[in-house]
Amino acid sequence: MEIVWLEDADQFKNIASQWDQFLIEEKIYNPFLLSDFILTWWKYYQKGLSFRFLIFYENNRIQGGIPLYTGRRRFRYGLLRMLTYIGDGVANYTEPHFSQSVPSSALREALERRSDFDVLCLKDVRHSSFLISGGASSFDPGRLTVRTVHDHYNWAIDLKEGRDVYLKAIPGKLRRDLRSRRRRATQELGSPRLIRVSGEEEVDKYFEIYVRLSHDSFQKRGNKSTFLDPRYVHFFRDFLKMMEKKERLDAHVLKGGDDILAVSFAYRFGKGFHWVLTAFNYQFRHLRPGYLLIEDLIREVVERGDDYYNWYGYERFYKEQWCNLKEPLYRFECYKNRFYADAVRTLEVLRNFLYRQ
């Protein structure tokens with residue numbers, strides 16, 4: 001087993017197709033590991049950061065890896081040299097993937113070789129990852145100190161029993177509200193229609209509309225849209241168009257007559273519908289266009305033969321209303337400096353104690 005650290009994005013570009021092929025062969029349908037995602041994020045966010053991509057080879061074939069970068073960040077109780085996931089902030093999963101031929105000790109060995117970071121922080125790691133299910137036990141606490149913390153949940157809708165069975169299980173108040181809002185939308189605008197958006201030009205067009213709707217709805221609710229950041233806009237525009245070009249995108253617009261009610265983007269990589277961006281027209285908030293969109297998307301997901309509608313992480317009231325499946329997501333931290341790790345533990349215990357008083 002050969003451990004290689006790529007320290008320049010151009011080095012990764014040379015093997016990007018091999019990396020993507022490895023993911024597909026391993027059936028790792030994680031869009032946040034795709035080379036398009038990695039390189040597009042790096043294009044817009046690289047300033048002040050250092051590229052660090054860990055790759056494992058066996059007989060000149062890729063057997064696993066994880067895209068990382070280093071940069072000085074305020075972390076917990078100090079300014080540290082942080083090693084973290086490329087795509088931080090837009091990646092909903094931040095875990096490595098290694099084939100079965102990679103020993104559990106390989107990550108520890110790779111990290112021990114580096115002296116340019118104080119802490120590795122991966123914010124969104126699924127329970128199925130070897131980091132959570134036992135791989136962390138291979139770390140020597142004398143050299144690297146590991147912490148795993150249950151941080152939040154991944155939300156989804158399980159549609160294995162079909163749309164009708166699922167809809168009967170959601171709260172009765174929500175079902176009645178959906179019927180009422182759909183009738184009202186039909187009376188005011190005409191029956192709402194879910195339209196599939198296809199082609200890079202159309203995706204670009206509706207992404208611009210999405211950004212405007214996001215700005216408007218957040219502003220009118222007294223909040224700020226993340227799409228006020230130009231880098232955020234440029235990243236998603238480029239990446240969504242790349243995903244569309246490779247037939248890895250689901251884009252939709254919900255219309256009532258000639259009016260746009262909501263716009264939605266989801267990743268189509270592997271099985272299931274993986275919902276990543278949605279915005280609604282605040283002018284029609286009385287019709288609850290976001291909820292009408294969800295109902296129509298559920299119908300489409302089932303009609304095309306899928307039974308999993310993924311909403312990714314963090315708790316929201318609407319997710320609690322709709323989702324019947326939630327799975328824990330963890331924060332994985334690996335400290336070079338054991339004394340700092342011990343200090344963090346002590347301060348957090350103290351903070352939790354004072355908070356309960």
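Above this note sits the structure.
To start, this report covers the structure provided alongside it.

### As for the nonpolar core
When a protein is soluble and globular, its nonpolar side chains tend to lie buried together.
Inference 1: Membership of the largest hydrophobic core comes to 81 residues, with the highest contact counts inside it found for Trp19, Phe207 and Phe265.
Inference 2: What Phe265 contacts, discounting residues up to four positions off in sequence, is Val203, Tyr206, Phe207, Tyr210, Leu240, Leu249, Asp250, Ala251, Trp275, Val276 and Leu277.

### What to know about the pattern of salt bridges
Inference 1: Enumeration according to the criterion identifies 32 salt bridges in this entry.
Inference 2: When the shortest N-O distance is used, the salt bridge between Arg81 and Asp118 registers 3.0 Å. One end of the pair, Arg81, is in strand E4 (residues 78-85); the other, Asp118, is in the loop between helix H3 (106-112) and strand E6 (119-126), and 37 residues separate them in sequence.
Inference 3: For Glu112, the salt bridge is made with Arg108, and the minimal N-O distance between the two is 3.3 Å. Pair noted here: Glu112 and Arg108 are both in helix H3, with a separation of four residues, about one helical turn.

### So, unusual backbone geometry
Inference 1: Within the chain, Asn59 stands out as a residue other than glycine whose phi angle is a positive 55°.
Inference 2: Relative to the helices and strands, Asn59 resides in the loop between strand E2 (50-58) and strand E3 (61-75).
Inference 3: Here the phi dihedral of Tyr312 falls at roughly 60°; this positive angle occurs in a residue that is not glycine.
Inference 4: In this structure Tyr312 comes out as buried when scored by relative accessible area, which is 3%.

### Observations concerning the side chain of Asn310
Inference 1: As for its position among the elements, Asn310 is in strand E12 (residues 308-313).
Inference 2: A residue is classified by how much of its surface remains accessible, and Asn310, at 1% relative accessible area, is buried.
Inference 3: Engagement of the side chain of Asn310 in a polar contact is seen with the side chain of Asn154, the distance being 3.0 Å.
Inference 4: The residues contacting Asn310, other than those within four sequence positions of it, are Tyr93, Asn154, Trp155, Ala156, Phe273, His274 and Trp275.

### Re helix H9 (residues 289-303)
Inference 1: For H9, which comprises 15 residues, the first-to-last C-alpha distance of 21 Å matches the rise-based estimate of 21 Å (1.5 Å per residue) to within 8%.
Inference 2: Among the residues making up H9, those that are buried are Pro289, Tyr291, Leu292, Leu293, Ile294, Glu295, Asp296, Leu297, Ile298 and Val301.
Inference 3: Positive backbone phi, at 95°, marks Gly305, one or two positions downstream of H9.

### Side note on a positive patch on the surface
Inference 1: On the surface, Lys173, Arg176, Arg179 and Arg183 cluster together into a patch of positive charge.
Inference 2: With respect to the element layout, Arg179 can be found in helix H6 (residues 172-189).
Inference 3: For Arg179, a relative accessible area of 46% puts it in the partly exposed group.

Quick notes on the rules
- Residues numbered from 1 in each chain as written.
- Predicted model: local features only at pLDDT ≥ 70, side-chain atom pairs only at ≥ 80, totals over all residues.
- Heavy atoms only, no water.
- Core = buried A, V, L, I, M, F, W, Y, C linked by side-chain atoms within 4.5 Å.
- Buried < 20%, exposed > 50% of the residue type's maximum accessible area, 1.4 Å probe, protein only.
- Contact = heavy atoms within 4.5 Å.
- Salt bridge = Lys/Arg side-chain N within 4 Å of Asp/Glu carboxyl O.
- Helix = DSSP H or I, 4+ residues; strand = E, 2+ residues; numbered from the N terminus.
- Polar contact = N/O pair within 3.5 Å; in protein donor to acceptor, adjacent residues only side chain to side chain.
- Expected span 1.5 Å × (residues − 1).
- Patch = residues over 30% accessible without salt bridge, like charges linked within 9 Å, V, L, I, M, F, W, Y side chains within 5 Å.
- Areas by Shrake-Rupley, 256 points an atom, 1.4 Å probe, with all protein chains shown as cover.
- Lys, Arg positive; Asp, Glu negative; His and termini not counted.
- Charge placed at Lys NZ, Arg CZ, Asp CG, Glu CD.

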